[in-house]
Every structure is written in C-alpha cells, then in structure tokens.
Amino acid sequence: MSDTEKSAVGDSNVRGAYEHIPNALTTGGQKWWHNKGVLQLNFFITVIYCGQFLNGIDDNLLGGFQSLPAWRSALGNPSQSAIGLLSSSAYIAGFFTAPIASYVADRWGRKWCIRWSAFTAFLGSLIGSLAGVDHSSGYALFITSRIIFGSGLAFSLMISPILLQELPHPTQRVTLAAIFNLNYAFGSFLLAWYLFGMSYVSGNWSWRSAYLLQIIPAAYMAIAINFVPETPRWLMSKGREQEAMDFLVKYHGNGDPNDELVLFEFEEMKEAIKIEREMKQDTWAQAFATKGNRHRMAIVLLIVICQNLSGSAIAGGYYGQILNLVGITGSTQQTGINAGLTGTVFVCALFGATIVKKVPRRKMLLTTWTCLLLVQIGVTVTAAQFSLTGSLAAARANVAMLFLFLGTFFVVCGPLFFSYQTECLSYSIRAKGMMVWGISNKIISIFNAYVNSIALQNIGYKYYIVYCVLLFVQLVAMYFLVVETKGYTLEEIAVLFDGENTAHVAVNPYETGAHSGKKGDVAVGVKEVSE
C-alpha cells in the first residue's frame, strides 16, 4: 500500500468527521424535534425501549416478591434453592433460544425477534399471575411462566441493541443507544415503588397485580413493532438497496434524496457490507479467524462478565438477604429501601446517558470501575463490622454503600453495557457477536441465580470478597482490551480493529472543514484500500 493511500485512509477516519457533512441536524443546526423524519424515527425507537422497560420490571420481580408473604404462600413457601431455580429457569430458557435469535435476525430481519419477545412476555405474565389460583400448583405455574418469559427475553436483549445502532440518525446514535438501559432503571423504579405500596396490602393481589402490569407494555410492543421500519444495513445486506435508500432519505434526510449525509451513509454502508462479504466475514469461522474479530469477541465477553459478575446481580436481586445480614428484616423496610435504590439507579443511569457523548469510552469505563472496586471494599468492610460487633452505625453504612455501589455501576452500565460491544462489532458479525453475548449472559445469570442466594445464606458477607477480586481482574482487562470509539460512525470503528484493510467513503473535504471551521465541497466517493 502506498504512502498516499495510507494518508487517505488515516484522513478518512478522523473522529467526528461525519458531523461536518451537510445535513439538517449536522451543519444545518436544526433541532431534532423540528425534523419530521427524525421525530418519527425516534418515536419508533421508543417501541424498542419497551423490551428493556419490561426487563427492568421482570428482573426485579423475584427480589421484590421474596419480601411479600402472600407470594411465598401462593407458591408453597419455596426454599432458597427452589427460588434459585425459579430465577435461573428464565436464563436457562434464554440460553437455548439465543442461537435462534441470531439466525432469525440475520435471515428474516431484526423486528421478528421483538415480536417474539412481546408475545412471550404477554403469555408468561398471564400464566404466572394464575399461580396458586383454585389450589393449583403455584410453583409449577410460576416456573412455567418464567421459562416462557425468558425464552423471548433473550431475543429482545440481543437484538434491541443492534436496532439501536443501525436505526438512529448518526448524530443521535450514541445517545439513543445509551438511553436503552435507562428504561431498565425506569422499569425497576416503578416496580419497586409499586411493591412498596403493595407491602401494606395483604393477599395475593399484592403480587399478582405487579405481575400483570407487564401485560400492558408487552401488548403495546407486539402491536407497535409492526410499524417500525427495518434497518437500512439489513435491507442492504439482502440486496434491497432502494429500500435502504428510501429509509435514509425519509428518516435521516427528512425527505431530501440529495442530502449529502444520506448519500455518504448509503455509500459507506454499501461498500462496507460489500467488502465484508468479499472477505467472507459473515461466517462463523471468520468471526474468530482474524485478530480484529478476536479482539471484538474479547470485548463482548469482557462486557458481559463486567455486567453480570461485578456484584450488581446480588445487590439488585437479593437485596432482601443482604439487608438481613445487617439486621434489616421488615417487609416494609426492605421494599422501601429497594424503592430508594431504584430511584438512585435511575438518576445515575440518566446521568451516564447525558455524559456518554462527551466522555471517552475508556475513561468512563476505567474511572467507574475503579470507583466500583473501592465501594465494593466498603460494602465488605461494613458488613464484616456489623457481623462482628452488631454495630447499628455499620449497618447504616452498609446500606449507604449499597446505594453507592448500584449508583456507580449504572453510571456506566446504563449507557455502555448494551451499546459499546454492539458498536465494536462489524455488520457481518454483529448478530453473531450478540449471540455470544446472549449465551454468555445466560450462563453467568444461571450461575448467579443458583450460587448467590446459597452463598449469601452459608458464608454471608465473606462472599463479597470474591467480587472484590473479580472487579480488580475486570479493571485490568479493561485497561488492555477497551478501544476508544467516541466520535466514529459504525463503519469507521471497523478501522480501529481491522486496520487499513477495509472500505472507506472519502470524507476528506468535510474533515478539512472540521479542523478549519470551513465547509468542504460535496464529495461522496468510495476509497477501497487493500494491501
């Protein structure tokens, strides 16, 4: 490759260059809510958020139900081991359905996965709410509902992040992807306060009504997803280039077929998919064959481990047992503290979403994880102090540390843990990479569901030490693996992993404007570089 070609490649990957290509939302300075196409597209994106809102409710149901005597009675007062099986059953179902989601998303489109997720959420919620009715086997019905719900949830968790990378206007991609997990926090928040109110209510409706709440967003999602457009990258991969262009013109160009950013996006997507296909990047063998793809998969595994083996699963799912360890045992006390925790989580996730476009990914991840490690040490020390002395001050400090832990975790989990690994994956292996994420997520979640409850019961606060060690190892891995992606388009991010052997659309004139403050001439051409 010549020096001239190397220079062209390097120049065409200047961070944020696309923001200087003429478009209503870039150089035009138009507010997105005044842009009909973007406004309509963003409304469609809220439909995708419903899946994570449902996940936020469902993921915290068992933790909340354990503080309600009526739920325990309806299920025949299950042991901690039986509760662990209830929790893990949804993850086991997801483990087996995750590979199907990847295939469906690539073969028939991303939206079919959302449809299935909505259907299973509706059916599972309906069945679970009938547990214990007319002397039925409450435990059997409830675990059936968990299996059904979990089989579809895997589809939504894997594919929604892909939709949120491929649908939005490029100036809003990072923010809209970051808001995805904010919906988890919002769902958790609403459920926690609802269960806090229900702690004053006796009888089975204290928990049945909470389970039935899930039917409303599930039904809305099942209907509304039919109006959401398919992603332009998927359309282009199926040879439906005109439909892909129509999408870009309508939603990214506000109806202007000559919009320069639209033309740039179209050529960039087309060339990237073409080169990936010529290099046979869309096979499972290639997903691990190149150094760049192995690096991508390592990031996928790192993120899923950080997401599930940081201690957040204990704090969120077993807060009742945690509070028992420091002498807080009342149902109203526990549900009240959990309601406060979810409020903190929501605020911190919102804060993370507001800063994600401004703060580099590496800095955000490394700083947050360092703070998380220090807080986890504080959780361990205060729990140990209460166990040894029975100090009321230690108990209060432990609760405060619990708030700090989940708040700190969601500053980074909120905006990055569903978007970062997705943007690192190139189009051809995006669904496959998220399948690896999905299967790994379910395996770790099954471990958490079985082990956490039993470990807390048997060794108490000493189990926290394990997570101190894990957090340190994760921090070191982050330092060596995390790549800075701030300011790049999805196709430009490929260069960070694959080097210069990839396709580029020439944006040099606009980059000149980026550095000099002047707008360059219109240029939409393709620069293909190979050694």
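In this text the structure is predicted, and so the values were computed from the model without any measurement. (Residues numbered from 1 in each chain as written. Predicted model: local features only at pLDDT ≥ 70, side-chain atom pairs only at ≥ 80, totals over all residues. Heavy atoms only, no water.)

Enquirer: I tried to follow the overall build of the protein on my own but got confused; where do I start?
Expert: From N to C terminus, the protein includes 25 helices and two strands. Taken across its 531 residues, the protein has 60% of its residues classed as buried. (Helix = DSSP H or I, 4+ residues; strand = E, 2+ residues; numbered from the N terminus. Buried < 20%, exposed > 50% of the residue type's maximum accessible area, 1.4 Å probe, protein only.)

Enquirer: I would appreciate a short explanation of the packing of aromatic side chains in the present structure.
Expert: Remark: the centre distance and the inter-plane angle together describe each pair of aromatic rings, the angle taken between the planes. Summed over the entire model, instances satisfying the criterion amount to 30 aromatic pairs. The interplanar angle of 40 degrees and the centroid separation of 5.8 Å between the aromatic rings of F65 and W71 together place this pair among those described as tilted. The burial state of F65 is the same as that of W71; both residues are buried. Judged by centre distance (6.1 Å) and plane angle (75 degrees), the ring pair of F142 and W207 falls under edge-to-face. Of this pair, F142 sits in helix 7 (residues 138–166) while W207 sits in helix 9 (residues 205–212), and the two are 65 residues apart along the sequence. Taken individually, F142 and W207 each receive the classification buried, so the pair is uniform in this respect. (Phe/Tyr/Trp six-rings, centres within 6.5 Å; stacked < 30°, edge-to-face > 60°.)

Enquirer: Which parts of the structure should I look at to understand empty space enclosed by the protein?
Expert: Over the atoms a probe the size of a water molecule is rolled, and this reveals where empty space is left. Using the criterion set out here, one finds six cavities of 30 Å³ or more in the structure. In this structure, the largest cavity spans a volume of roughly 790 Å³. Ranked by the residues each element gives to the lining of the largest cavity, the list is headed by helix 22 (residues 427–459), at six residues. Here the lining of the largest cavity is composed, by residue class, of 21 nonpolar, 18 polar and four charged. The space that makes up the second largest cavity amounts to roughly 130 Å³. Of all elements in the fold, only helix 13 (260–278) and helix 24 (490–498) reach the threshold of two or more residues within the lining of the second largest cavity. Considering each element in turn, the lining of the second largest cavity owes the most residues, five residues, to helix 13. Residue classes in the lining of the second largest cavity are distributed as eight nonpolar, four polar and five charged. (1 Å grid on protein atoms, 1.4 Å probe; cavity = no way out; pocket = protein on both sides within 12 Å on 5 of 7 lines; lining within 4 Å. Points joined across faces, edges and corners; volume = space filled by probe spheres on them. Nonpolar A, V, L, I, M, F, W, Y, C, P; charged D, E, K, R; others polar.)

Enquirer: Would you mind going over unusual backbone geometry with me for this structure?
Expert: Negative phi is the rule for most residues except glycine; trans is the rule for most peptide bonds. Its identity is not glycine, yet N77 carries a phi of approximately 50 degrees, on the positive side. Counting through the fold element by element, N77 comes out in the loop between helix 4 (69–74) and helix 5 (80–107). For N77, a relative accessible area of 55% gives the class exposed. With phi around 55 degrees, N254 is a residue other than glycine that occupies positive phi space. In this fold, N254 is placed in the loop between helix 12 (241–252) and helix 13.

Enquirer: I'm lost on the packing of helix 19 (residues 361–389) against helix 20 (residues 392–416) in this one. Help?
Expert: To describe two helices that pack against each other, one gives the angle between their axes and the distance between the axes. Interaxial distance between helix 19 and helix 20 falls to 9 Å at its minimum, and their mutual angle equals 160 degrees. Classified by the interaxial angle, the pair formed by helix 19 and helix 20 is roughly antiparallel. Considering how the two elements wind past one another, helix 19 and helix 20 form a crossing that is left-handed. (Axes fitted to C-alpha atoms, helices over the stretch in contact; angles between N-to-C directions. Parallel < 35°, antiparallel > 145°, perpendicular 65-115°, else oblique. Left-handed = near helix turned anticlockwise from the far one by under 90°.)

Enquirer: What's the story with the layout of surface pockets in this structure? I'm lost.
Expert: Within this model, the largest pocket holds a volume of roughly 370 Å³. Counting residues per element, the ones that place at least two in the lining of the largest pocket are helix 2 (36–58) and helix 8 (173–198). The element best represented in the lining of the largest pocket is helix 2, accounting for four residues. Of the residues in the lining of the largest pocket, the class split is seven nonpolar, seven polar and three charged.

Enquirer: Explain the pattern of salt bridges to me, please; I cannot follow it from the model alone.
Expert: Pairs can form between side chains of opposite charge whenever their charged atoms are close. This model, assessed by the stated rule, comprises eleven salt bridges. Residues R240 and E243 are paired through a salt bridge, measuring 2.9 Å at the closest nitrogen-oxygen approach. When its relative accessible area of 33% is taken as the criterion, R240 is described as partly exposed. Judged by relative accessible area, E243 falls into the partly exposed class, the value being 38%. We note a salt bridge from K270 to E241, for which the minimum N-O separation is 3.8 Å. Here K270 is found in helix 13, whereas its partner E241 is found in helix 12, with 29 residues between them in sequence. Owing to a relative accessible area of 30%, E241 belongs among the partly exposed residues under this scheme. Put simply, D106, R110, E166, R430 and K432 are held in one network by salt bridges that share partners. (Salt bridge = Lys/Arg side-chain N within 4 Å of Asp/Glu carboxyl O.)

Enquirer: Please clarify how the confidence of the model for the protein should be interpreted in this entry.
Expert: Confidence along the protein averages 84 in pLDDT terms, with 87% of residues attaining 70 or more. Taken as a whole, residues 1–14 scores under 50 in pLDDT and shows 27 contacts with residues more than four places along the chain or in a different chain. Confidence drops under pLDDT 50 across residues 503–531; counting only partners more than four residues distant or on other chains, this segment forms 70 contacts. (pLDDT = per-residue confidence, 0-100. Contact = heavy atoms within 4.5 Å.)

Enquirer: What should I look at first to understand helix 12 in this one?
Expert: Every α-helix winds through 3.6 residues per turn, so residues three or four apart in the chain are directed the same way. With twelve residues, helix 12 extends 16 Å from end C-alpha to end C-alpha; this agrees with the ideal 16 Å at 1.5 Å per step. Those residues of helix 12 that sit buried are A244, M245, F247, L248, V249, Y251 and H252. Residues of helix 12 that are buried sit in contact with helix 2, helix 11 (232–237) and helix 13. Trailing helix 12 by a residue or two, N254 shows a phi angle of about 55 degrees, which is positive. (Expected span 1.5 Å × (residues − 1).)

Enquirer: Sorry if this is basic, but what is going on with a nonpolar patch on the surface here?
Expert: Judged by side-chain polarity, I465, V469, F472, V473, V476, Y479 and F480 come together as a nonpolar surface patch covering roughly 730 Å² of accessible area. By the element assignment, F480 lies in helix 23 (residues 464–481). The exposure class assigned to F480 is exposed, which follows from its relative accessible area of 64%. (Patch = residues over 30% accessible without salt bridge, like charges linked within 9 Å, V, L, I, M, F, W, Y side chains within 5 Å. Areas by Shrake-Rupley, 256 points an atom, 1.4 Å probe, with all protein chains shown as cover.)

Enquirer: Explanation requested: the packing of helix 15 (residues 291–308) against helix 22 in the structure shown.
Expert: Where helix 15 contacts helix 22, the axes come no closer than 9 Å and their chain directions differ by 30 degrees. In terms of axis orientation, helix 15 runs roughly parallel to helix 22. Regarding helix 15 and helix 22, the two cross each other, and that crossing is right-handed. Every residue of helix 22 that contacts helix 15 at N293, R296, M297, V300, L301, V304, I305, Q307 and N308 is listed here: I429, G433, V436, W437, S440, N441, I444, S445 and N448. Of the residues that constitute the contact of helix 15 with helix 22, the class distribution is nine nonpolar, eight polar and one charged.

Enquirer: Any chance you could explain the side chain of T408 here in plain terms?
Expert: Turning to its location among the elements, T408 is positioned in helix 20. Judged by relative accessible area, T408 falls into the buried class, the value being 16%. Looking at T408, its side chain comes within polar contact range of the main-chain oxygen of L404, at 2.7 Å. Look past the residues within four positions of T408 in its chain and what remains in contact with it is T368, C371, L372 and V375. (Polar contact = N/O pair within 3.5 Å; in protein donor to acceptor, adjacent residues only side chain to side chain.)

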